[in-house]
Amino acid sequence: MIFKLYLSATGYITKALIIGGGVAGPTAAMALARVGIESEVFERDHQGADQRGAWISLQANGIDALRSIDADGPLAGVGYPMDTISFVNGKGRPLGRMPMAARRPDGLTSLMMPRSALYSALADEARARGVRVRNGARFVDATVDDDGVTAEFADGTRARGDILIGADGIHSTVRALIDPGARSPRYVPVLNIGGHVPGLAVEGEPRDFRMQFGTRCFFAWMPTPDGGTVWFANPPSRTEPERGVLSGIDDAQWRRRLHALMDGDAGPSGAIIDAAPGPLFGWATYDLPVVEHWHDGRGRMVLIGDAAHATSPAAGQGAAMSLEDAVILAQCLRDRPTTAEAFGTFEILRRERTEKIVAAGHRASNSKAAGPVARLFRDLMLPFVFRRAAKDGGRSMMWLQGHHIDFDEPVPSAPDSAPARLGGGRQRG
Ligand SMILES: Cc1cc2nc3c(=O)[nH]c(=O)nc-3n(C[C@H](O)[C@H](O)[C@H](O)COP(=O)(O)OP(=O)(O)OC[C@H]3O[C@@H](n4cnc5c(N)ncnc54)[C@H](O)[C@@H]3O)c2cc1C
């Protein structure tokens, strides 16, 4: 690999330290390698550790971001394609159907996959491209000086680089250094639980995720081509569960609770809850609406992905936003004369789009936890919303899933120009 010299705020960049080996971290390393910047990824968890259990939908714009740096290959054979989402109410009455990325000229669609499979695919691909990914390295602090930045880890080791990228997720330690006044992640009033049930074929169309606004709980399922079913549920929980409460709920309690929540609703939820491989495990849900400072102003430290703007899972966009960030940051470092300018441009290109998505995710999560009156109103309104979306053939979703990055294209020189407002890339369709 040939590494180039880029001017930083006060010198030349030869090395980036990337904190976090989730979605954004390894992708940023691969994107930086393409513009000639070497990087090393530091991940707190040990390799193969999988506390992420959940399945996620990686939407087309996220796959597009990976494709822009020729890194979508490892996704071949991972997960199941999903082209539409259809909504029903508790009685099973259809409320509408939403095409995912119907208007993309490249035919990219969403993929449902275990979150752990996405993590492994990205870290393995980064390693295969020569990136050093250090597992078991818990970042605790950083010191910035005129010549660079020194990262410190819990085991007492240090690393030196020219810039440090915080890709360490929603509970970011790097964020606390860049923006000590940043608000804590916001609790969203639904829990998350789900997975894949092999060998259980349920009603539903292939490549269509059926989502049910049940009487007491949101429940979703999609038959998979191997004769199984992917599912998730969002039990409402008005108040944030205290630490340890969710991990203290055992498998049998989860099943009883889910059955009680879905009791009387039409559809296959009961069979799915019975057949789901255990132990079942639930997560609390959070988002992070506005982080005032994404970088340190000195051109040394910057945040990407959930560390800068986490959306609730209801948006189905957290991973895709992180992938877009990773690639667009590398473009900014390539095209701006200093790292301080690159980070500034990156923030201008990304803030509006990502905050809009966080807000949309929050609205979607709240609608899943609606009380009886709000539920009535929601069920009356949703068919109109979906009918409009169906009528325009998915055009209204294109700002989300139609986003396209041409990696070789320079980032706009006037950061407030039109493509910038779309978020660095361009909308297709
Ligand atoms: C239940 C659930 C369902 C979801 N569903 C979807 C979905 O359907 N679609 C979607 O797009 N997104 C979904 N998301 C969100 C998605 O997983 C995140 O948006 C995405 O993973 C963010 O990527 P990231 O790289 O910024 O952060 P992460 O993927 O969280 O990666 C951060 C990494 O940093 C590491 N780390 C943290 N602190 C340190 C430290 N101090 N030192 C070193 N390493 C550290 C962590 O171990 C982790 O590996 C879901 C999330 C959850 C919880």
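So, a few notes on the structure that sits alongside this text. (Residues numbered from 1 in each chain as written. Predicted model: local features only at pLDDT ≥ 70, side-chain atom pairs only at ≥ 80, totals over all residues. Heavy atoms only, no water.)

### Quick look at the site of the ligand
Reasoning step 1: Near the ligand you find 33 residues, and of these Ala24, Glu43, Tyr119, Asp306 and Ala319 are the closest.
Reasoning step 2: Expressed as a share of its isolated accessible area of 990 Å², the protein-covered part of the ligand is 91%.
Reasoning step 3: For the shell around the ligand, the secondary-structure elements that each account for two or more residues are strand 4 (38-43), strand 5 (55-58), helix 3 (115-128) and helix 7 (318-335).
Reasoning step 4: Grouping the amino acids of the shell around the ligand by side-chain chemistry returns 13 nonpolar, twelve polar and eight charged. (Near = heavy atom within 4 Å. Areas by Shrake-Rupley, 256 points an atom, 1.4 Å probe, with all protein chains shown as cover. Helix = DSSP H or I, 4+ residues; strand = E, 2+ residues; numbered from the N terminus. Nonpolar A, V, L, I, M, F, W, Y, C, P; charged D, E, K, R; others polar.)

### A word on a nonpolar patch on the surface
Reasoning step 1: On the surface, a nonpolar cluster with roughly 570 Å² of combined accessible area is contributed by Leu376, Phe377, Leu380, Met381 and Phe384.
Reasoning step 2: Mapped onto the secondary structure, leucine 380 falls in helix 9 (residues 372-391).
Reasoning step 3: Given a relative accessible area of 56%, leucine 380 falls into the exposed group. (Patch = residues over 30% accessible without salt bridge, like charges linked within 9 Å, V, L, I, M, F, W, Y side chains within 5 Å. Salt bridge = Lys/Arg side-chain N within 4 Å of Asp/Glu carboxyl O. Buried < 20%, exposed > 50% of the residue type's maximum accessible area, 1.4 Å probe, protein only.)

### Structural notes on the pattern of salt bridges
Reasoning step 1: The tally for this structure, following the rule as stated, stands at 24 salt bridges.
Reasoning step 2: Where aspartate 251 meets arginine 255, a salt bridge forms, and the shortest distance between an N and an O atom there is 2.7 Å. A residue pair is termed a helical-turn pair when its members lie 3 or 4 positions apart in one helix, as aspartate 251 and arginine 255 do in helix 5 (residues 251-262) at four residues.
Reasoning step 3: A residue is classified by how much of its surface remains accessible, and arginine 255, at 15% relative accessible area, is buried.
Reasoning step 4: We note a salt bridge from arginine 334 to aspartate 335, for which the minimum N-O separation is 2.7 Å.
Reasoning step 5: Taken together, the salt bridges that share partners define one network made up of Glu324, Asp325, Arg350 and Arg353.

### Overview of helix 1 (residues 24-34)
Reasoning step 1: With nine of eleven residues buried, helix 1 lies mostly within the body of the structure.
Reasoning step 2: Buried residues of helix 1: Ala24, Gly25, Pro26, Thr27, Ala28, Ala29, Met30, Ala31 and Leu32, and no others.
Reasoning step 3: The positive-phi residue at the C-terminal boundary of helix 1 is glycine 36, with phi of around 85°.

### So, unusual backbone geometry
Reasoning step 1: Of note, the amide linkage connecting glycine 278 to proline 279 takes the cis form, showing an omega dihedral of -5°.
Reasoning step 2: Here aspartate 70, not a glycine, exhibits a phi torsion of approximately 55°, which is positive.
Reasoning step 3: Tracing the sequence through the fold places aspartate 70 in the loop between helix 2 (60-68) and strand 6 (80-82).
Reasoning step 4: The phi dihedral of arginine 207 is positive, around 65°, even though this residue is not glycine.
Reasoning step 5: As for its placement among the helices and strands, arginine 207 is situated in the loop between strand 15 (186-197) and strand 16 (208-213).

### A short note on the pairing of strand 18 (residues 229-234)
Reasoning step 1: For strand 18, a buried count of six out of six residues is recorded, marking the element as mostly surrounded by other parts of the structure.
Reasoning step 2: Going residue by residue along strand 18, you find Thr229, Trp231 and Ala233 tucked away on one face and Val230, Phe232 and Asn234 tucked away on the opposite face as well.
Reasoning step 3: Bridge count for strand 15 against strand 18 is five bridges, and the pairing is antiparallel. Residue pairing across strands places histidine 196 opposite valine 230, the latter belonging to strand 18.
Reasoning step 4: Sheet topology note: the strand 17 (residues 218-223)/strand 18 ladder contains six bridges and is antiparallel. (Pairing = 2+ DSSP bridges.)

### Concerning the packing of helix 1 against helix 7
Relative orientation and spacing of two packed helices are given, respectively, by the angle between their axes and the distance between those axes.
Reasoning step 1: Interhelical geometry of helix 1 versus helix 7 gives an angle of 30° and a closest axis separation of 8 Å. If you check the angle between helix 1 and helix 7, you find them roughly parallel. Considering the relative orientation of helix 1 and helix 7, their crossing is right-handed. Of helix 7, the residues touching helix 1 (which contributes Ala24, Thr27, Ala28, Ala31 and Leu32) are Ser322, Leu323, Ala326, Val327, Ala330 and Leu333. (Axes fitted to C-alpha atoms, helices over the stretch in contact; angles between N-to-C directions. Parallel < 35°, antiparallel > 145°, perpendicular 65-115°, else oblique. Left-handed = near helix turned anticlockwise from the far one by under 90°. Contact = heavy atoms within 4.5 Å.)

### A look at helix 8 (residues 339-368)
An α-helical turn contains 3.6 residues, so any two residues separated by three or four positions project in the same direction.
Reasoning step 1: The terminal C-alpha atoms of helix 8 lie 42 Å apart, and with 30 residues this matches the ideal 44 Å at 1.5 Å per residue to within 8%.
Reasoning step 2: A bend of about 40° at arginine 350 is the largest found in helix 8. (Expected span 1.5 Å × (residues − 1). Bend = angle between axes of the 7 residues up to and from the residue.)

### Let's talk about the nonpolar core
Reasoning step 1: Core analysis: the largest hydrophobic core is formed by 76 residues, its most contacted members being Leu32, Leu118, Leu164, Ile165, Ile304 and Leu333.
Reasoning step 2: Residue contributions to this core peak at nine residues, all from helix 7.
Reasoning step 3: Setting aside anything within four residues of it in sequence, one finds leucine 164 in contact with Leu17, Ile19, Phe139, Ala142, Val149, Ala151, Val174, Arg300, Met301 and Val302.
Reasoning step 4: One finds Tyr80, Met211, Val230 and Phe386 within the second-largest nonpolar core, a separate group that totals 23 residues. (Core = buried A, V, L, I, M, F, W, Y, C linked by side-chain atoms within 4.5 Å.)

### A closer look at the packing of aromatic side chains
Reasoning step 1: Summed over the entire model, instances satisfying the criterion amount to twelve aromatic pairs.
Reasoning step 2: Ring centres 5.9 Å apart and planes at 5° place the aromatic pair tryptophan 55 and tyrosine 80 in the stacked group. Residue tryptophan 55 is found in strand 5, and its partner tyrosine 80 is found in strand 6; the two are separated by 25 residues along the sequence.
Reasoning step 3: Overall, tyrosine 80 belongs to the buried group, its relative accessible area being 15%.
Reasoning step 4: Ring plane angle 75° and centroid distance 6.2 Å describe the contact between phenylalanine 139 and phenylalanine 153, whose orientation is recorded as edge-to-face. One end of the pair, phenylalanine 139, is in strand 11 (residues 139-145); the other, phenylalanine 153, is in strand 12 (residues 148-153), and 14 residues separate them in sequence. Of the two residues examined, phenylalanine 139 and phenylalanine 153, each falls in the buried class.
Reasoning step 5: A connected cluster of aromatic rings, assembled from ring pairs, spans Phe87, Phe209, Phe213, Phe218 and Phe232.
Reasoning step 6: The residue whose ring lies beneath arginine 334 is phenylalanine 407, and the NZ or CZ to ring-centre distance is 5.1 Å. (Phe/Tyr/Trp six-rings, centres within 6.5 Å; stacked < 30°, edge-to-face > 60°. Lys NZ or Arg CZ within 6 Å of the ring centre and 35° of its normal.)

Geometry only, nothing functional implied.
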